[in-house]
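# Examining the three-dimensional arrangement
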Amino acid sequence: MTSVLAWSRLDFRRRWKSLLVMALLVALAAGTVMAATAGARRGASVVDRLQARTLPATVAVLPNQPGFDWDAVRSLPEVEALTTFVLTYTGFVIEELPDGADPWAFPPADDENMRTVERPVTLAGRLANPDRADEVVVTPRFVAAFGLGVGDTVTLRLYTPQTQDALAFTDDLTGAVLDGPTVRARIVGVIRSPWYSDSVGDEQGTIVPSPGFYARYAPNLMGASDGGIRNALVRLHDGEASLSSFKAGLARVSGRTDIDQMNLVEEGRRASGTTGFEAEALLGFAAAAAVAAVFLIGQSVARYAASTVAALEALRAVGMTERQTRLAAALGPAAAGLAGTAVGVAAAVVASRWFPIGTASLLEPAPGISIDVPVLLTGALTVPLLVIAGGIAAAWLALRSARSPTSRRSAVAGAAARLGAPVPVVVGARFALEPGRGAQAVAVRPALVGAVTGVVGVVAAFTFSAGVDDAAANPARFGQVHQLEAFVGFSGEDSAPVDAIVPVVAADPDVEAVNDTRIAVGEIDRVPVTLFTLDSSGAPWPLVLTEGRAPGGPAEVVIAPDSADAVGAAVGDSVRITGTAGERDLTVTGIAFVPEGHNNYVNGGWVTAAGYDTLFDPDDDISPAFKYHLLFLALRAGADPAIVAPRLEEAVAQAVAAATGADPGDVGVGGELSRPELPAPVAELRQIRSLPVFLAAFLVVLALGAVGHALATAVRRRRRDVAVLRALGMTRPQSRGIVLTQASLLALIGLAAGIPLGLALGRTLWRYVADTTPLFYVAPVAALALALVVPLALVATNLLAAWPSQRAASMRVGHVLRAE
């Protein structure tokens, strides 16, 4: 042992720079893997951790009915807590914000909010005093978007009660005068809860007034006629388990079965699915980084150990044992591994402030630095052991290689020789495919695996990204097949003459189909299902079906995927749907996505207009005939909605004016034709689009490192072969050709195996995303990436070969042969 330590002290002084580089590589790799792994664990648990601290609501109850009796609902035995909020589309205006910015949440209408229901975590400051009308809280995105945080003041401008009545539930506030009171409010806190959280794609964040704001200015929010609406967030004693009995009680005390209810526990599961997928992607990145580290650092450790074994040959001749030789060869890498791991642990702790990523970052209840002890402890123990084991294994292989000078031959190189291929091609193939033995050993297998892995990573990443791009550019993948929509009715009352509008809109040459969409909530086995009428003018409405066909009569229904799962329905089954007009048995003819609104696009169903009329009574005094009434317009391919919308609005105004005798300037479609908002998963998918690209970059580094190492090592360790051939007449250009052939062959093998594997892997990953999101799957093809990967791979490997090939060409033949 004394001789081993003495040798190590001398070796450390002589080669400390190499050990420092090795330690930095270990620190980079270990820090990256630990940070990504800890970030994945943090992101996967973010929804549960947020819910555990915030008393989240179980269900949002949305009757949209003035004067609704919430006390009766509050007295139901399933209800633990209930808080109401004001449903208003006009609300208030914040002077300090740019025109068009409306980041306010529906104002809380009682002091249960943020106390017994949706009690938020406070990221900065404190909660608003429920008795103060001049205090507000905001979410983090609001601070980032507008630069206003705790201690800043904002000016809230309201409408008079009369103006509020006139503007009720309109999206067009053009010309509206802010003629109500002005409130100077102070931002007292930055908060986060499941309900009061920022969402992907929302760049404005949210500002939430205190309940005292409603207490003082209720008429300005509800209107002079007190016709405003209050909906509620409800927390149930037994959570989702008591949801069914709560729904029965709600129907009993309200006399309505069509009340829209958002299952917020289900929304939490959906969020967990999104953050879970992000975590899986991050773990995949960590795994790839670990593989890259094993190859790249392993080669560095192997070179260090092999050179140490060679230097110790003299000491072995005077008595150093093979065991001592292996130990001496491993001590340097062990020291570098320990030092690098310590730095990597510290780096992972610092990097934790930027995790979790994506959707999870918007739900994290404790943002900032986090110490994941299990991950860091595992990394601190595992990394040095791997480096030590690698050093010992490399030393053992070096000793074994020194005793075994023979090497297996490559069948490819042999075939090339038999076919009379040029000498540079034959020798280059041997350099690429024959590992050699002893002093001539070359890391052939790592180079081949690295080349294949790099191509797989690039092709898979860009194939996956092509799927994301396709989904983001085609909302129809989520069932949104219309490009324009108009809001023409609310709570059973139309705001426009729909019968006069639809024929005019359908006659436009750029309109392929118009769907007259009435929306109401029915029940299947006490599960609320938002139903849409399929009532198309022009071409048949292009439903996005995952199974079956569209409904063809009043006794048929199409159900969205999650609703079908919730009620256990499949194509061909008969389901009993309860509406305000009673119960009807309908046959499920298909599974299809629905438009996204209060419902999710995977929750709801489609019925024909005749089927809708059998379920919902237009003359019911308590329940309206529809909750919302919209026109959906599917345009022809290539039509620009920005050009079509003004033309349609003018045509509709003229037609309605001609039919009613009104001034064309005073009529329209009940509201401007507008573009529908993109389905929520589009923005969520964009959040993870960069991860495969980072993964591909890591794998490309692996490939370049492995191939570059093989090229450089082959020229150095097989310089005798090159020198002999040069002595026999091989020219300098032919010497360069050996290395270029080696590089090109490695690239071609990587491409031949990597392209089909990468395409299959990318499509498999996208299929998994399509099934879990869900969305309509279309096999992605990264045409540009597939076209460029071949020339880029060949160019990259030949650029790596430039320096080794120059060394081969400029080799001093006599000096090499004398040394050998």
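About the thresholds
Residues numbered from 1 in each chain as written. Predicted model: local features only at pLDDT ≥ 70, side-chain atom pairs only at ≥ 80, totals over all residues. Heavy atoms only, no water. Axes fitted to C-alpha atoms, helices over the stretch in contact; angles between N-to-C directions. Helix = DSSP H or I, 4+ residues; strand = E, 2+ residues; numbered from the N terminus. Left-handed = near helix turned anticlockwise from the far one by under 90°. Contact = heavy atoms within 4.5 Å. Nonpolar A, V, L, I, M, F, W, Y, C, P; charged D, E, K, R; others polar. Salt bridge = Lys/Arg side-chain N within 4 Å of Asp/Glu carboxyl O. Buried < 20%, exposed > 50% of the residue type's maximum accessible area, 1.4 Å probe, protein only. Parallel < 35°, antiparallel > 145°, perpendicular 65-115°, else oblique. pLDDT = per-residue confidence, 0-100. Pairing = 2+ DSSP bridges. Phe/Tyr/Trp six-rings, centres within 6.5 Å; stacked < 30°, edge-to-face > 60°.

### Description of the packing of helix α23 (residues 732-772) against helix α25 (residues 802-809)
For the pair α23 and α25, the least separation of the axes is 8 Å and the interaxial angle reads 140°. The way α23 lies across α25 gives a crossing that is right-handed. Residues Arg-732, Ser-735, Arg-736 and Val-739 of α23 lie in contact with α25, whose contacting residues are Pro-804, Ser-805, Gln-806, Ala-808 and Ala-809. In terms of residue class, the contact of α23 with α25 is built from 4 nonpolar, 3 polar and 2 charged.

### A word on the pattern of salt bridges
If you walk through the whole model with that rule in mind, you get 24 salt bridges. Arg-270 is the partner of Asp-562 in a salt bridge, and the nearest nitrogen-oxygen pair spans 2.5 Å. Placement of the pair is Asp-562 in helix α17 (residues 561-567) and Arg-270 in helix α9 (residues 264-311), with a sequence separation of 292 residues. On the basis of relative accessibility, which here comes to 18%, the residue Arg-270 falls in the buried class. Of the charged contacts in the structure, one is a salt bridge between Glu-556 and Arg-549, with a shortest N-O distance of 2.9 Å. With relative accessibility at 18%, the residue Glu-556 sits in the buried group. When its relative accessible area of 43% is taken as the criterion, Arg-549 is described as partly exposed.

### Notes on the packing of helix α24 (residues 783-800) against α25
Contact pair α24 / α25: the axes reach a minimum separation of 4 Å and the direction vectors enclose 45°. What the angle tells us is that α24 and α25 run oblique. Together, Asn-798, Leu-799 and Leu-800 of α24 and Ala-802, Trp-803 and Pro-804 of α25 make up the contact between the two elements. Each residue belonging to the contact of α24 with α25 can be placed in one class, and the counts come to 5 nonpolar, 1 polar and no charged.

### Comments concerning the confidence of the model for the protein chain
Low pLDDT marks regions whose predicted coordinates should not be analysed in detail. Here the protein chain averages 85 in pLDDT, and 88% of its residues register 70 or above. For the protein chain, helix α26 (residues 813-819) is the element with the lowest average pLDDT, namely 57, and strand β17 (residues 556-559) is the one with the highest, namely 97.

### Regarding the sheet that holds strand β10 (residues 260-263)
The strand order across the open sheet built from 4 strands is β2-β9-β1-β10, with neighbouring strands paired in antiparallel fashion. Each edge of the open sheet is held by one strand with a lone partner, namely β2 (79-87) and β10. Ignoring which end each strand starts from, the neighbouring axes of this sheet average 20° apart. Here 3 bridges tie strand β1 (residues 59-62) to strand β9 (residues 229-236), and the two strands are oriented antiparallel to one another. Bridge pairing in β9 places Ala-60 opposite Leu-233.

### Thoughts on the pairing of strand β18 (residues 574-579)
Bridge analysis of strand β13 (residues 511-524) against β18 gives 2 bridges, and the strand direction is antiparallel. Looking across to β18, one finds that Glu-523 is bridged to Thr-578. Linking β18 to strand β19 (residues 582-592), which pair antiparallel, is a turn of 2 residues.

### Section: the packing of aromatic side chains
Throughout the structure, instances matching the rule amount to 14 aromatic pairs. Between Phe-277 and Tyr-768, the ring centres sit 5.8 Å apart and the planes meet at 35°, which makes this aromatic pair tilted. Of this pair, Phe-277 sits in helix α9 while Tyr-768 is found in helix α23, placing the two residues 491 residues apart along the sequence. Measuring from ring centre to ring centre gives 5.7 Å for Phe-464 and Trp-766, while their planes differ by 85°; the resulting arrangement is edge-to-face. Here Phe-464 is found in helix α15 (residues 444-473), whereas its partner Trp-766 is found in helix α23, with 302 residues between them in sequence. Accessibility assignment for this pair places Phe-464 and Trp-766 in one class, buried. These aromatic residues form a ring-pair network of at least three members: Phe-85, Phe-106 and Trp-195.

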